[in-house]
Amino acid sequence: CPKITSVQLSENIEKIGDKAFAHDSLIDGALVLPASLKYIGEKVFYNLLHLDTLTILSPTPPTLLDNATQSYNTVLDVFFNLPTSTLIQVPCNTLRTYKKDARWTPFADRYVDACRTLIDNIYYLATDTGAVVIGYESAPSEDLSFQNDVTFGNETLPVVAIADSCFIQT
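Residues numbered from 1 in each chain as written. Predicted model: local features only at pLDDT ≥ 70, side-chain atom pairs only at ≥ 80, totals over all residues. Heavy atoms only, no water.

Draft legend 1. Spotlight on the state of the cysteines. This model, assessed by the stated rule, comprises one disulfide. With a sulfur-sulfur separation of 1.7 Å, Cys-92 is cross-linked through a disulfide to Cys-115. Because the torsion about its S-S bond is 115°, the bridge between Cys-92 and Cys-115 counts as right-handed. Residue Cys-92 is located in the loop between β7 (87-90) and α2 (95-100), and its partner Cys-115 is located in the loop between β8 (111-113) and β9 (116-119); the two are separated by 23 residues in the primary sequence. (Disulfide = S-S within 2.5 Å. Helix = DSSP H or I, 4+ residues; strand = E, 2+ residues; numbered from the N terminus.)

See the structure below:
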């Protein structure tokens, strides 16, 4: 069976059972979890060595494991041996919600807001009217160049503005 580069689960799924994707070397790219998801079982993503991006569409962080038995170590078991390069993309403007949820804090350094993207050292933010330049990752040493269009998920938006105080150095 050839490797699967993208898996998007049905919008009706509320629970992913224990070890559902454990040791699944077939997923070689992205896995999208639906907004309806409420519960993620033990070792669901265990050893997904080729997963680049885990996209979670739920604005509320799903419950990890059974709350009665949950501890920091068992929460880490859900994602055990997931490459540190795997990004966890969360819905627009929910980054703070995920980072503040004690169950999800061990992965805070992997989160990416679906409304923001980094291209060639420049951060862009998706808005209702188009993409906005909001800053840079590191101070540019030479010229800055901006994209004409930026893709967020499956939507491409024109770059329409540069945010206030975008490049003020502090």
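On we go.
Draft legend 2. Structural detail: the sheet that holds strand β6 (residues 63-64). Strand order in this open sheet of three strands is β2-β4-β6, and the pairing throughout is parallel. In this open sheet, the two strands that pair with only one neighbour each are β2 (15-16) and β6. Pairing of β2 with strand β4 (residues 39-40), which is carried by two bridges, proceeds in the parallel orientation. For Lys-15, the partnering residue across the bridge sits in β4 and is Tyr-39. (Pairing = 2+ DSSP bridges.)

Draft legend 3. Geometry of the side chain of Ser-58. The topology assignment puts Ser-58 in the loop between β5 (53-56) and β6. At 2.6 Å, the side chain of Ser-58 forms a polar contact with the backbone oxygen of Thr-60. (Polar contact = N/O pair within 3.5 Å; in protein donor to acceptor, adjacent residues only side chain to side chain.)

Draft legend 4. Spatial organisation of the pattern of salt bridges. Going through the model one piece at a time under the given rule, you end up with two salt bridges. With a closest N to O distance of 4.0 Å, Glu-14 and Lys-38 form a salt bridge. On the criterion of sequence distance, the pair formed by Glu-14 in the loop between β1 (4-8) and β2 and Lys-38 in the loop between β3 (27-33) and β4 is long-range, its members being 24 residues apart. A residue is classified by how much of its surface remains accessible, and Glu-14, at 44% relative accessible area, is partly exposed. For Arg-116, the salt bridge is made with Asp-113, and the minimal N-O distance between the two is 3.9 Å. For Arg-116, a relative accessible area of 39% corresponds to the partly exposed category. (Salt bridge = Lys/Arg side-chain N within 4 Å of Asp/Glu carboxyl O. Buried < 20%, exposed > 50% of the residue type's maximum accessible area, 1.4 Å probe, protein only.)

Draft legend 5. Structural context of unusual backbone geometry. If you check the backbone angles, Lys-19 has positive phi at about 60° while not being a glycine. Of note in this structure, Lys-43 is not a glycine but carries a positive phi near 50°. Inspection of the secondary structure puts Lys-43 in the loop between β4 and β5.

Draft legend 6. Region of interest: the pairing of β9. For β9 and strand β10 (residues 122-126), the ladder comprises four bridges, and the chain directions are antiparallel. Residue pairing in the sheet places Arg-116 in a bridge with Leu-125 of β10.

Draft legend 7. Looking closely at the environment of Thr-5. Among the structural elements, Thr-5 can be located in strand β1. Distance in space between the C-alpha atoms of Thr-5 and Ile-162 is 34 Å, their sequence separation being 157 residues. The residues touching Thr-5, leaving out its near neighbours within four places in the chain, are Asp-28, Gly-29 and Ala-30. (Contact = heavy atoms within 4.5 Å.)

Draft legend 8. Region of the structure containing the pairing of β7. Of the strand pairs in this sheet, β5 and β7 are connected by three bridges, and their pairing is parallel. What sits directly across from Thr-55, in β7, is Gln-89. Pairing of β7 with β8 involves three bridges; the strand directions are parallel. Bridge assignment links Val-90 to a residue of β8, and that residue is Asp-113. Following the backbone out of β7, through α2 and into the adjacent parallel β8, one traces a crossover that is right-handed. (Right-handed = clockwise from strand over helix to strand, strands pointing away.)

Read these as spatial facts, not as claims about activity.
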